[in-house]
Amino acid sequence: MKPVVGIVVSNKMQKSVVVAVDRLFHHKVYNRYVKRTSKFMAHDEVDDCNVGDRVSDLSPPFDRIPPRVPLVTTRYSIRVLGI
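Residues numbered from 1 in each chain as written. Predicted model: local features only at pLDDT ≥ 70, side-chain atom pairs only at ≥ 80, totals over all residues. Heavy atoms only, no water.

- As annotated in an unreviewed UniProt entry, the chain carries the name 30S ribosomal protein S17, chloroplastic and is attributed to Miscanthus lutarioriparius.
- Quoted verbatim from the Sequence similarities (unreviewed entry) field of UniProt, the annotation for the chain is "Belongs to the universal ribosomal protein uS17 family." (UniProt positions renumbered as here; feature names shortened; annotations may be inferred.)

The structure is reproduced here in structure tokens:
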């Protein structure tokens, strides 16, 4: 199965996050590539995922929340410039 990589868009639940997964497909009529976004819920046992983190190793959604914990690959950080 193809590895799924997504970005955390919500972590307001306890021990759960919402991950947005983008995919590109070729539209036959328009002859262009179109981007579609799917949102999945993932289980986050230790609550270390924040909004904007890139996560991978998501299992396909068998139920509302998959049992596998996502692996954080890249942390999102905000750089504050001092004036």
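Observations regarding the overall build of the chain
Now for step 1: When its secondary structure is counted, the chain shows 0 helices and 5 strands.
Now for step 2: Along the chain, helices and strands appear, N-terminal first, in the series β-β-β-β-β.
Now for step 3: Counting over 83 residues, the chain shows a buried share of 27%.
Now for step 4: Pairs at least 24 apart in sequence give 42% of the contacts found in the chain among residues at least 6 apart. (Helix = DSSP H or I, 4+ residues; strand = E, 2+ residues; numbered from the N terminus. Buried < 20%, exposed > 50% of the residue type's maximum accessible area, 1.4 Å probe, protein only. Contact = heavy atoms within 4.5 Å.)

Quick notes on the sheet that holds strand 3 (residues 32-43)
Now for step 1: Pairing is antiparallel in the open sheet, where 5 strands are placed in the order 3-2-1-4-5. The outermost strands of the open sheet, each flanked by one partner alone, are strand 3 and strand 5 (71-74). Going across the sheet, the axis of each strand differs from the next one's by a mean of 40°, ignoring polarity.
Now for step 2: Where strand 1 (residues 5-13) meets strand 2 (residues 16-27), 4 bridges bridge the pair, whose relative direction is antiparallel. From the neighbouring strand, valine 8 faces strand 2, where its bridge partner is valine 19. (Pairing = 2+ DSSP bridges. Axes fitted to C-alpha atoms, helices over the stretch in contact; angles between N-to-C directions.)

What about the pairing of strand 2?
Now for step 1: Counting the residues that bridge the hairpin from strand 1 to strand 2 gives 2 residues, and of these lysine 15 lies at a positive phi of roughly 60°.
Now for step 2: If you look at the hairpin formed by strand 2 and strand 3, you'll find 4 residues sitting between the two strands, and asparagine 31 has a positive phi there, around 55°.

Focus: the environment of serine 16
Now for step 1: With respect to the element layout, serine 16 can be found in strand 2.
Now for step 2: You can call serine 16 buried: its relative accessible area is 7%.
Now for step 3: Linking serine 16 and glutamate 45, residues 29 residues apart in sequence, is a C-alpha distance of 7.5 Å.

What about the environment of phenylalanine 40?
Now for step 1: For phenylalanine 40, the position within the fold is in strand 3.
Now for step 2: When the C-alpha positions of phenylalanine 40 and valine 17 are compared, they lie 8.4 Å apart, and in sequence the two are 23 residues distant.

Observations regarding the pattern of salt bridges
Now for step 1: Counting across every chain of the model gives 3 salt bridges.
Now for step 2: Between lysine 15 and glutamate 45 there is a salt bridge, with its nearest N and O atoms 3.2 Å apart. Here the residue lysine 15 occupies a position in the loop between strand 1 and strand 2, and glutamate 45 occupies one in the loop between strand 3 and strand 4 (54-56), the gap between them amounting to 30 residues.
Now for step 3: Here lysine 15 falls in the partly exposed class, since its relative accessible area comes to 38%.
Now for step 4: One connected set of salt bridges, linked through shared partners, spans Asp48, Asp53 and Arg75. (Salt bridge = Lys/Arg side-chain N within 4 Å of Asp/Glu carboxyl O.)

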